[in-house]
Amino acid sequence: MDSAAGTGPSSPTPPRVRVSGEGAVGAGRDISHSAVGAGSRVEHTEVDNRITGGTVNGDVYRAENLTVNQYLPAPAPGPVVRPVRVGTVPPLASAFQPRPGLREEIDRARERHATVLPTQVLSGGGGVGKSQLAAAYAHHAHAEDVDVLVWVNAAETAQIIATYAAAAQGVGVPGADGQDAESDAAGFLDWLAVTERSWLVVLDDLTDLEGAQRWWPRPPAGTGDGRVLATTRRRDALASGAGRAVVDVGTYTPAEALGYLHERFAAACAPHLLDGRATGLVEALGGLPLALAHAAAYMINEGVDCTAYLRLFTDRSSHMAALLPPGADTDGYGRQVTASLLLALDAAERHEPVGLAAPAIRLAAHLDPAGHPQQLWTTEAVTDYLTTFRTPHPGRPDPEPVTPEQARAALRLLHHYALLTHTPHDSNRTVRLHALTARAARETTLPADTPATVDAAADALAEIWPEHEHTARDLTTVLRANTDTLADHAGDLLWNSDGHPVLFAAGHSLSAVGLFHTAVTHWRRLAADAERLLGDDHPDTLISRNNLGRSCFEAGRSEEAMVIGEQALADCERVLGTDHPYTLISRDNLAAFYAGAGRSDEAIVLEERVLAGHERVSGPSHPDTLTSRANLAVFYFQVGRSDEAIALMERVLADSERVLGADHPETLTSRNNLAYSHWQAGRIDEAIEIEERVLADRERVLGADHPDTLTSRANLAVSYEQAGRTGEATALEERVLADRERLLGDSHPDTLTSRNNLAYSYWQAGRTNEAIGLMQRVLTDSKQLLGDNHPDTRAAAERLRVWRTR
């Protein structure tokens with residue numbers, strides 16, 4: 001009883017009665033309906049029959065390869081001859097982007113450590129442009145005539161030592177004769193600590209942080225001007241020790257990525273390749289500089305514009321090796337994209353917990369790159385998967401089962417190697433990885449292992465799905481996004497002998513949060529998949545069709561709902577028989593659809609059959625029977641059979657109290673519906689007395705924020721309004737609206753209902769401007785959420801029209 005027409009609550013929508021059905025197959029597969037009649041929207045409870053089944057200081061440098069010999073003749077000791085250049089600095093990429101925001105962050109990190117040796121560690125995943133940033137600094141240092149510039153390919157500690165030894169000879173370290181590389185390298189570090197000359201040492205692609213600890217340059221003892229830059233995939237504690245400042249290097253911003261493509265295509269005299277889908281391409285590539293470089297080269301070579309390339313790239317059958325091939329490496333990155341993204345995986349596999357990095361990233365790669373909850377990694381589905389697919393290790397031929405603690409340790413390990421991002425403070429999107437890293441991991445997964453990986457991810461999502469939507473609204477939003485991503489990657493693998501329960505859970509979740517039109521799309525896709533893969537007569541096909549009809553009804557598409565409902569009922573009767581639980585629920589749904597379309601007599605005929613079937617199959621006191629009896633009472637009210645309706649509601653309440661107990665949630669629902677019966681019959685005082693009791697009981701049993709408690713509070717407000725207690729009604733409605741905005745969000749249908757009712761109370765109290773302003777918002781939100789032709793939208797538009805003419 002949560003809505004009001006222009007002059008008061010008239011023709012209210014019948015309540016929906018929530019009683020869970022038995023005889024269910026699987027989990028979370030609701031075939032349920034909302035018994036909604038014509039007229040303005042009212043607060044209600046719902047019938048819930050369950051079938052559980054990714055410049056340098058403002059200047060852009062275009063320097064060529066900056067190379068010096070690694071092996072210089074050892075000069076006689078004496079003053080350094082400048083400039084000394086050791087190592088090969090990479091050239092800046094074509095259309096190099098200065099990334100001023102990131103440069104500013106790096107320079108701020110240097111300023112914060114002005115009292116010690118300036119050391120910045122550029123940390124990030126493969127292909128984000130760490131080396132290019134370091135190279136930009138090196139080219140700038142060269143242009144500024146820094147005395148000593150040393151570029152070290154630091155993937156291996158031995159290479160650091162060798163480069164330092166060559167530098168020792170270049171600067172003239174006494175005794176550095178090339179006979180003992182470690183001694184010469186140590187002498188170079190000593191020289192750096194005491195020299196007054198300017199120098200820059202770049203440790204590029206530093207991998208073995210443990211082995212490299214003794215080879216970091218030390219703070220100068222005098223007034224020397226030195227600086228260290230390092231690039232690494234690692235981001236654990238060793239990267240930031242000894243006063244080193246870590247700067248996270250991410251992908252291009254959208255503006256930087258588009259700027260890169262614009263400059264790259266212009267330089268190649270192919271500006272026409274940058275068409276209207278350039279932004280979409282940048283998003284698909286996740287702004288990854290390495291991928292953009294390979295893609296741009298491919299497009300230039302093949303004459304393919306952004307639209308065509310994006311179509312190829314998003315084609316499920318295409319592979320990164322073909323669309324981002326090594327042959328497109330015109331900027332000298334030196335490696336193919338997939339190899340770059342997963343370069344650190346072998347190293348991670350060798351660290352504790354040994355052998356878990358690869359299966360962990362392959363599972364994560366099938367989920368939403370924007371993030372999934374950490375609690376997924378505590379599920380039995382995930383730990384069993386990791387146990388089964390753990391990479392064998394010679395020292396551990398028969399490891400113990402993987403624990404949740406080890407699964408979390410695997411996440412931290414992948415985080416340390418920048419293969420994914422693990423942020424424990426974000427409970428719902430704790431684990432994120434770049435979309436291209438995820439794609440690389442999927443494409444390197446053995447085909448024979450993919451079905452088990454998909455099953456484990458789906459089972460884990462289902463395992464952590466909350467039983468009640470209102471208890472974790474943000475979590476279920478993330479779970480739905482992950483289910484969609486998994487379904488896209490899995491193709492038909494989530495349909496074996498039946499559809500995976502997580503697909504059905506996602507559909508019910510959409511309806512629970514009021515995304516009715518999105519739910520229609522979801523169930524239509526599931527029904528089509530079920531028909532194609534399981535056949536027209538499979539139970540999951542019947543379930544999907546019924547839920548499609550329910551979603552159409554909730555979205556205000558009554559005619560479509562009735563067509564689907566009629567066919568679904570005929571199919572259930574033909575395949576399962578007239579008294580099968582699925583058939584009874586299909587008939588119940590169709591009755592609700594008829595009632596919502598004003599065909600109450602036909603609804604009564606169907607519901608009487610449903611009730612008889614439940615009494616025959618399950619007995620007169622079974623919860624499904626009580627549900628059907630309550631629904632029939634609602635339909636009786638619609639045709640004016642009030643006495644019969646009240647008698648049925650009283651019987652439902654008595655049976656519920658006897659079978660379930662006075663405080664059972666379903667008993668409270670039955671008592672709420674009896675109050676509604678009195679309200680419908682004009683017995684407002686009786687309705688208020690019962691509603692006040694229901695509200696108190698629900699606050700005690702379910703809590704103040706439970707959706708059913710909010711429903712009771714809203715119903716009581718409507719009754720207060722009907723009894724002329726406008727001040728009390730307004731106070732309750734303001735509270736309900738605030739609670740629903742907080743718990744359900746601004747655009748949930750129940751929030752819109754509360755806003756509608758509060759607007760009516762304001763109108764009744766003479767607060768005309770507030771009433772019209774609030775109703776205008778109801779109309780705008782209804783159009784956006786429900787569509788122009790939904791009954792609630794039309795009712796709001798009419799109410800607003802009437803108010804504005806008075």
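All values reported here derive from a predicted model rather than from experimental measurement.

S.K.: How should I be thinking about the packing of aromatic side chains in this particular structure?
M.R.: The geometry of an aromatic ring pair is captured by two quantities: the separation of the ring centres and the angle between the planes. According to the stated counting rule, one finds 12 aromatic pairs in the structure shown. Taking 6.3 Å as the distance between ring centres and 15 degrees as the angle between the ring planes, the aromatic pair formed by F188 and W191 counts as stacked. Placement of the pair is F188 and W191 together in helix 4 (residues 181-194), with a separation of 3 residues, close to one helical turn. In this structure, F188 and W191 share a single accessibility class: buried. Measuring from ring centre to ring centre gives 6.2 Å for Y309 and F313, while their planes differ by 20 degrees; the resulting arrangement is stacked. Taken together, the residues Y309 and F313, both in helix 8 (residues 306-314) and 4 residues apart, mark about one turn of the helix. The pair Y309 / F313 is uniform in exposure class, with both members buried. Through pairs of rings, three or more aromatic residues link up here, namely Y164, F188, W191 and W215. Cation over ring: R227 sits above Y137, and NZ or CZ is 4.7 Å from the ring centre.

S.K.: Looking at this structure, I do not really get the packing of helix 16 (residues 450-463) against helix 17 (residues 473-490). What am I missing?
M.R.: The axes of two packed helices give the description: the angle between them and the distance between them. Relative to each other, helix 16 and helix 17 sit at 160 degrees, their axes nearing to 11 Å. With respect to helix 17, the axis of helix 16 lies roughly antiparallel. In the packing of helix 16 onto helix 17, the handedness of the crossing is left-handed. On the side of helix 16, the interface is formed by V454, A457, A458 and L461, while helix 17 contributes L479, N482, T483, L486 and A490. Tallied by class, residues from the contact of helix 16 with helix 17 come to 7 nonpolar, 2 polar and no charged.

S.K.: Where do I start with the pairing of strand 5 (residues 148-153) in this structure?
M.R.: The side chains of a regular strand alternate between the sheet's two faces. For strand 5, a buried count of 5 out of 6 residues is recorded, marking the element as mostly surrounded by other parts of the structure. With 3 bridges joining them, strand 2 (residues 84-86) and strand 5 adopt parallel strand pairing. Paired with V84 across the strands is V148, a residue of strand 5. The pairing of strand 5 with strand 6 (residues 198-204) spans 6 bridges and is classified as parallel. Of the residues in strand 6, the one forming a bridge with V150 is V201.

S.K.: How do you make sense of the pairing of strand 7 (residues 225-232) when you look at a structure like this?
M.R.: With 7 of its 8 residues buried, strand 7 lies for the most part within the structure. Here strand 4 (residues 119-123) pairs with strand 7 via 5 bridges, running parallel. Looking at the pairing, L122 lines up with T231 of strand 7. Direction of pairing for strand 6 relative to strand 7: parallel, over a ladder of 6 bridges.

S.K.: What should I look at first to understand helix 24 (residues 623-638) in this one?
M.R.: Given 3.6 residues to a turn, an α-helix orients residues that are three or four positions apart in the same direction. For helix 24, which comprises 16 residues, the first-to-last C-alpha distance of 23 Å matches the rise-based estimate of 22 Å (1.5 Å per residue) to within 8%. Across the 16 residues that make up helix 24, a large majority, 15, are buried. Just past helix 24, the residue G640 takes up positive phi, approximately 85 degrees.

S.K.: I keep staring at helix 17 and nothing clicks. Help me out?
M.R.: An ideal rise of 1.5 Å per residue puts 26 Å on 18 residues; helix 17 measures up with 25 Å between its terminal C-alpha atoms. Considered for burial, the residues of helix 17 that qualify are L475, T476, V478, L479, R480, N482, T483, T485, L486 and A490. The secondary structure elements touched by the buried residues of helix 17 are helix 16 and helix 18 (501-512).

S.K.: What is the right way to read the sheet that holds strand 6 from this model?
M.R.: Sheet strands pair by backbone hydrogen bonding; their relative direction is either parallel or antiparallel. A sheet is described by the order of its strands in space; here 6 strands give the open sequence 2-5-6-7-4-8, paired in parallel fashion. Two strands bound the open sheet, and with one partner strand each, they are strand 2 and strand 8 (245-248). The mean inter-strand angle of the sheet, taken between neighbouring strand axes irrespective of direction, is 15 degrees. The strands touched by helix 3 (residues 157-171) are strand 2, strand 5 and strand 6; relative to strand 5, the strand with the most contacts, the crossing angle is about 160 degrees.

S.K.: Looking at this structure, I do not really get the pattern of salt bridges. What am I missing?
M.R.: Taken as a whole and judged by the stated rule, the model has 44 salt bridges. In this structure, E182 engages R214 in a salt bridge whose closest nitrogen and oxygen atoms are separated by 3.5 Å. Here E182 is found in helix 4, whereas its partner R214 is found in the loop between strand 6 and strand 7, with 32 residues between them in sequence. The class for E182 is partly exposed, based on a relative accessible area of 41%. The partner of R755 in a salt bridge is E741, with the nearest N and O atoms 2.9 Å apart. Within this pair, whereas R755 is found in helix 30 (residues 749-764), its partner E741 is found in helix 29 (residues 726-743), the two being separated by 14 residues in sequence. Residue class for R755 comes out buried when judged on its relative accessible area of 0%. The exposure class assigned to E741 is partly exposed, which follows from its relative accessible area of 27%.

S.K.: So what exactly am I meant to see when it comes to the side chain of E554 here?
M.R.: Counting through the fold element by element, E554 comes out in helix 20 (residues 539-554). A distance of 3.3 Å separates the side chain of E554 from the side chain of S511, its partner in a polar contact.

S.K.: Whenever I open this one, the confidence of the model for the chain confuses me. Can you help?
M.R.: Do not read the predicted coordinates in detail wherever pLDDT is low. For the chain, per-residue confidence averages 84 on the pLDDT scale, and 86% of positions sit at 70 or higher. Here strand 1 (residues 66-67) is the element of the chain with the lowest mean pLDDT, 38, and helix 16 is the one with the highest, 97. When the criterion is pLDDT under 50, residues 1-78 qualifies, and its contacts beyond four places in sequence or with other chains add up to 288 contacts.

S.K.: Hey, could you run me through the environment of T207 in this one?
M.R.: Mapping T207 onto the fold places it in the loop between strand 6 and strand 7. The exposure class assigned to T207 is partly exposed, which follows from its relative accessible area of 28%. Placed 51 residues apart in sequence, T207 and E156 show a C-alpha to C-alpha distance of 6.9 Å. Leaving out residues up to four positions away in the same chain, T207 has contacts with A154, A155 and R234. Within polar-contact distance, the side chain of T207 engages the backbone oxygen of D205 at 3.2 Å.

S.K.: Sorry if this is basic, but what is going on with the nonpolar core here?
M.R.: Soluble globular proteins tend to bury their nonpolar side chains together. With 161 residues, the main nonpolar core has Y309, L363, L376, W377 and L386 as its most contacted residues. Among all residues touching L376, those that are not within four sequence positions of it are L363, L367, V382, A460, L461 and I464. The next biggest cluster of nonpolar side chains, apart from the first, holds 32 residues, and it includes V84, A166, F188 and A239.

S.K.: What's the story with unusual backbone geometry in this structure? I'm lost.
M.R.: Apart from glycine, the bulk of residues carry a negative phi angle, and the bulk of peptide bonds sit in the trans form. Across the junction of E352 and P353, the peptide omega takes the value -5 degrees, indicating a cis bond. Tracing the backbone through its elements, the reader meets P353 in the loop between helix 11 (345-349) and helix 12 (357-364). Despite not being glycine, D145 shows a phi value in the positive range, around 60 degrees. Here D145 is to be found in the loop between helix 2 (130-143) and strand 5.

Conventions adopted
Residues take numbers from 1 onward in each chain, read along the sequence in its written order. Residue-level local features of this predicted model are given only where pLDDT is at least 70; pairs of side-chain atoms are given and counted only at 80 or more, and the full residue set underlies all totals for whole chains, interfaces and linings. Values reported for side chains reflect all heavy atoms of the structure, with hydrogen atoms and water molecules removed beforehand. Each aromatic pair joins two rings of Phe, Tyr and Trp (for Trp, the six-membered one) with centres within 6.5 Å, and gets the label stacked for planes under 30 degrees apart, edge-to-face for over 60, and tilted for any other angle. Where helices and strands are cited, they refer to DSSP runs of H or I of at least four residues and of E of at least two residues respectively, numbered from the N terminus. A simple rule labels every residue: compare its accessible area, found with a 1.4 Å probe on the protein chains alone, to the largest value its type can have, and call it buried under 20%, exposed over 50%, or partly exposed in between. Whether a charge sits over a ring comes down to the Lys NZ or Arg CZ being within 6 Å of the ring centre and within 35 degrees of the ring normal. Angles shown run from 0 to 180 degrees and are taken between the N-to-C directions of axes, each axis being a line fitted to C-alpha atoms and, for helices, limited to the stretch in contact. We call two directions roughly parallel when the angle between them is under 35 degrees, roughly antiparallel when it is over 145, roughly perpendicular when it lies between 65 and 115, and oblique otherwise. Should the near helix be turned anticlockwise from the far one by less than a right angle, the crossing is termed left-handed; should it be turned clockwise, right-handed. Working rule for contacts: check all heavy atoms of both residues, and any pair within 4.5 Å makes them a contact. Classification used: nonpolar for Ala, Val, Leu, Ile, Met, Phe, Trp, Tyr, Cys and Pro, charged for Asp, Glu, Lys and Arg, polar for all others including Gly. Should DSSP find at least two bridges between two strands, the strands are taken to pair. Expected helix span is taken as 1.5 Å per residue step, with the number of steps being one fewer than the number of residues. Whenever a carboxyl oxygen of Asp or Glu lies within 4 Å of a side-chain nitrogen of Lys or Arg, that contact is scored as a salt bridge. Contacts described as polar in this section are N or O atom pairs within 3.5 Å, which, within protein, must combine one atom able to donate a hydrogen with one able to accept it, while residues neighboring in sequence count only if both atoms come from side chains. The pLDDT value tells you how sure the predictor is about a given residue, anywhere from 0 up to 100. Buried residues of nine kinds, namely Ala, Val, Leu, Ile, Met, Phe, Trp, Tyr and Cys, make up a nonpolar core once their side-chain atoms join them within 4.5 Å.

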